[in-house]
Amino acid sequence: MSAFDDLYAANAAFAKTFGASNLTGRAARGLAVVTCMDSRIDPLGLLGLKPGDAKILRNAGARVTDDVLRTLVLAVYLLGVERVLVMPHTDCGMTKVTDADVHELTQAHGVDTRSLEFHTVPDQAAALRHDLTRIASTPFLPADMPVAGAIYDVHTGLLTPYPD
Ligand SMILES: [Zn+2]
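We now turn to the structure provided with this report. (Residues numbered from 1 in each chain as written. Predicted model: local features only at pLDDT ≥ 70, side-chain atom pairs only at ≥ 80, totals over all residues. Heavy atoms only, no water.)

1. Regarding the pattern of salt bridges
Should the charged atoms of two oppositely charged side chains come close, the side chains can pair. Our working definition: Between Lys or Arg on one side and Asp or Glu on the other, a salt bridge is scored when a side-chain nitrogen of the former is within 4 Å of a carboxyl oxygen of the latter. Under the DSSP-based scheme used, a helix requires at least four consecutive residues in state H or I and a strand at least two consecutive residues in state E, with every element numbered from the N terminus. Three labels apply to residues, based on accessible area from a 1.4 Å probe with only protein chains included: buried if under 20% of the type maximum, exposed if over 50%, partly exposed otherwise in between.
Per the counting criterion, the structure on display carries nine salt bridges. The closest approach of N and O atoms between arginine 29 and aspartate 53, which form a salt bridge, is 3.9 Å. Of the two residues, arginine 29 sits in the loop between helix H1 (5–16) and strand E1 (31–36) while aspartate 53 sits in the loop between helix H2 (43–46) and strand E2 (54–59), which places them 24 residues apart along the sequence. Of the residues examined, arginine 29 reaches a relative accessible area of 41% and is grouped as partly exposed. Several salt bridges share partner residues, and in doing so they unite Asp38, Arg40, Asp91 and Lys96 into one network.

2. Notes on the nonpolar core
Selection criterion: The set of buried Ala, Val, Leu, Ile, Met, Phe, Trp, Tyr and Cys residues whose side-chain atoms join them within 4.5 Å is what this entry labels a nonpolar core. Every residue pair with non-hydrogen atoms within 4.5 Å of one another is taken to be in contact.
Core analysis: the biggest nonpolar cluster contains 20 residues, and Leu72, Val81, Val84, Val86, Ile135 and Leu141 have the highest contact counts within it. Per element, the largest residue contribution to this core is five residues, and it comes from helix H3 (residues 66–78). Beyond its immediate sequence surroundings of up to four residues, valine 86 is in contact with Val34, Ala62, Val64, Leu128, Leu132, Ile135, Ala148, Gly149 and Ala150. Formed by 16 residues, the second largest nonpolar core is a distinct cluster that contains Leu49, Ala54, Leu85 and Met94.

Dropping the structure here:
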């Protein structure tokens, strides 16, 4: 018995009817989505996508970190991505704490996280603006590539485009 047996059992059933063996690693819809790790978000479902359509990049807060930029460069030049949607969401845990709060919480567990940057989000609109600018202004991605932001409402399922 392992902590993952439920998953292996579910996968065995999944593989029995697996029908995506002909897909390549290129994003068929030319899309990359940067979103949060929040377990309420179904990025493919909420955007009408299916496996094979898009690159999905997830982290705490849907932040455009160095690693997200690195991944976007690969996605664009090697894997068919031609547009990027940055999609934070309502009720995000990252908007409810500061980096200092996180350091304090982990310290209670005897862990010193002060060398980590958590990219917490005190102001979601400002963070999204910053992240969109980061993609638009990096010298490593095409200057004319469409980049948009939209906030996903985890209570209604609606996506609200963020004004340019
Ligand atoms: Zn979140």
